[in-house]
Amino acid sequence: MFRALPAVLARPSGTVRTCVLLVLLAATGIAILELVREQTGTPGFFVGLGLALLPVPLLMAAFRWLGRAAPAPWPQLLFCFGWGACTAALIAILANSFATEWIAAATADPSDADQLGSVAIAPVVEESAKAAALLLVFVFRRRHFTGPADGFVVAGFTATGFAFTENILYLGNAFDEDLAHGTGLLNSVTAATFFVRIVVSPFAHPLFTVLTGLGFGAAALSAGRGRRIGLPLLGLALAMGLHALWNSSSRLGEYGFYVVYGCVMVPVFGLLLWLAVRIRRRRLRAVAGELAVYAAAGWLGPAEVPALASMPARSLARSLARRSGGRAAGRAVALYEADAAALALLRNRARRGGPGREPDFSGRERELLDRLWLRRATAGPALARAAVMEELLPPWFDPLPRPAVAPEAVLTGMPSPRRAGDARRDGARKDGAGSGAGSGSGSGSGFGAGLRRSGPWRSATPAGPPSSRPCVLPGGDGVR
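Residues numbered from 1 in each chain as written. Predicted model: local features only at pLDDT ≥ 70, side-chain atom pairs only at ≥ 80, totals over all residues. Heavy atoms only, no water.

Caption draft 1: The nonpolar core, seen in detail. Counting 56 residues, the largest nonpolar core has F152, F157 and M265 as its most contacted members. Residue contributions to this core peak at twelve residues, all from helix α5 (residues 74-107). Sequence-distant contacts of M265, defined by excluding residues within four places in its chain, comprise A204, L207, F208, L242, W246 and V260. Of all hydrophobic cores here, the second largest spans 40 residues; its members include V305, L308, A379 and L383. (Core = buried A, V, L, I, M, F, W, Y, C linked by side-chain atoms within 4.5 Å. Buried < 20%, exposed > 50% of the residue type's maximum accessible area, 1.4 Å probe, protein only. Helix = DSSP H or I, 4+ residues; strand = E, 2+ residues; numbered from the N terminus. Contact = heavy atoms within 4.5 Å.)

Caption draft 2: Region of the structure containing the packing of aromatic side chains. A complete count under the given rule lists 13 aromatic pairs for this structure. An angle of 55° between the planes, with centres 5.4 Å apart, marks the rings of W246 and F257 as tilted. Taken together, the positions of W246 in helix α10 (residues 225-247) and F257 in helix α11 (residues 256-296) put the pair eleven residues apart, joining distant regions of the chain. Assessed through its relative accessible area of 21%, F257 is described here as partly exposed. Aromatic side chains W246 and Y261 sit 6.2 Å apart centroid to centroid with 45° between the ring planes, which places their arrangement in the tilted category. One end of the pair, W246, is in helix α10; the other, Y261, is in helix α11, and 15 residues separate them in sequence. Joined through ring pairs, the aromatic side chains of W246, F257, Y258 and Y261 make up one cluster. The lysine or arginine in question, K130, covers the ring of F162, its NZ or CZ lying 5.0 Å from the ring centre. Just above the ring of Y170 sits the side chain of R197; from NZ or CZ to the centre is 4.2 Å. (Phe/Tyr/Trp six-rings, centres within 6.5 Å; stacked < 30°, edge-to-face > 60°. Lys NZ or Arg CZ within 6 Å of the ring centre and 35° of its normal.)

Caption draft 3: The arrangement of the packing of helix α7 (residues 148-181) against α11 in detail. In the contact formed by α7 and α11, the axes pass within 9 Å of each other and the chain directions differ by 130°. When the axes of α7 and α11 are compared, the pair comes out oblique. Two packed elements cross with a definite hand, and for α7 against α11 that hand is left-handed. Residues P148, A149, D150 and F152 of α7 touch α11, and the partners they reach there are L272, L275, A276, I279 and R283. Each residue belonging to the contact of α7 with α11 can be placed in one class, and the counts come to seven nonpolar, no polar and two charged. (Axes fitted to C-alpha atoms, helices over the stretch in contact; angles between N-to-C directions. Parallel < 35°, antiparallel > 145°, perpendicular 65-115°, else oblique. Left-handed = near helix turned anticlockwise from the far one by under 90°. Nonpolar A, V, L, I, M, F, W, Y, C, P; charged D, E, K, R; others polar.)

Dropping the structure here:
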């Protein structure tokens, strides 16, 4: 027992890491909120909190939309938001204050210290603190960090949290200043600060940190160790440079802010928006191409593939499932869609990079296929109906062939994973008894038609060309 103790301490379990991170977020959250409240005063704190909340749902929805093709788990995204709002903000405010005071003491010029701290110190400290969340996800949740789209989403949630806390500080200080001088609403510093930070530039911090996220996303697709280290550092350097330019805009003359905003920030935002839409479309095309292989092997119904590659069809399938089976059915379809997308992207990376890129391809593929198989009875019909309603299928395609059994049996007549005793029962039934609702053999139709009654790990293959396994990985090391 004592020999195993060092190994346990050196390699903490996922539960231990989660508890440590939650305690860290809670402690830093309490500390940063109290620190901000001391600087803004209690009235300013609550006013800043209410105003800073306004852009958060919009930003989170925008980044969530980008990642919907293969959605990341909500706990991971909330961790990134919490890290940005609590831990990164606390690191930034303490480090920036210390650096500014040190520069002021060294130069005996507080105005130069503020300017140098804003342009040279703050971008380095803040972007590094936000990048720490991306590094944690990249290292410990590599399964959910698979490319530039994940870098976009993780960076966006982290920076949204950071901007939220920073906006509380700026808006709270502005309100406290207006309260002290009795300024009217229209001429108030609070209104001006709200316009600049919430209306004009709510995407500023996400825009910087997304460059770091793209570096990590590119590193996730790179095989060389040098690129896996260099690309995130390059993205971080670009984020720091753009952040420094933005902070210096107010000191570049009377129209410096407008020049930087119009000539740099807006074009960069448009470029990243175009890139985000392009990445999302490429992901959906990869989902369609890779899932077609699994559909040909019998793991998916042919009508499910176009539905899984269409975000409107996915949403419609969840609505149809909730309407007929309640929230549990809708949740099952959502999990089915997420697992199918993860499976497609896993295969796409392995096919492009070879076995070295995805050393655990077989185990991960088996896990995802097993989960798909268990939910297919609920998700398959909903996705097929959504494909028909969204007109994703050719007119001659019949997603639900007319069976010889009752219509209710079509919705439930899917093969289930083989359990103990199935082989003896199947041998006793032979041809006759297996054509009911729970069977996938004989003339049973629907999405389970033409499949032998067996589980996903015991040759649940189409009844056509014989194949002992469903998927062969092109360019890999044979059958997976």
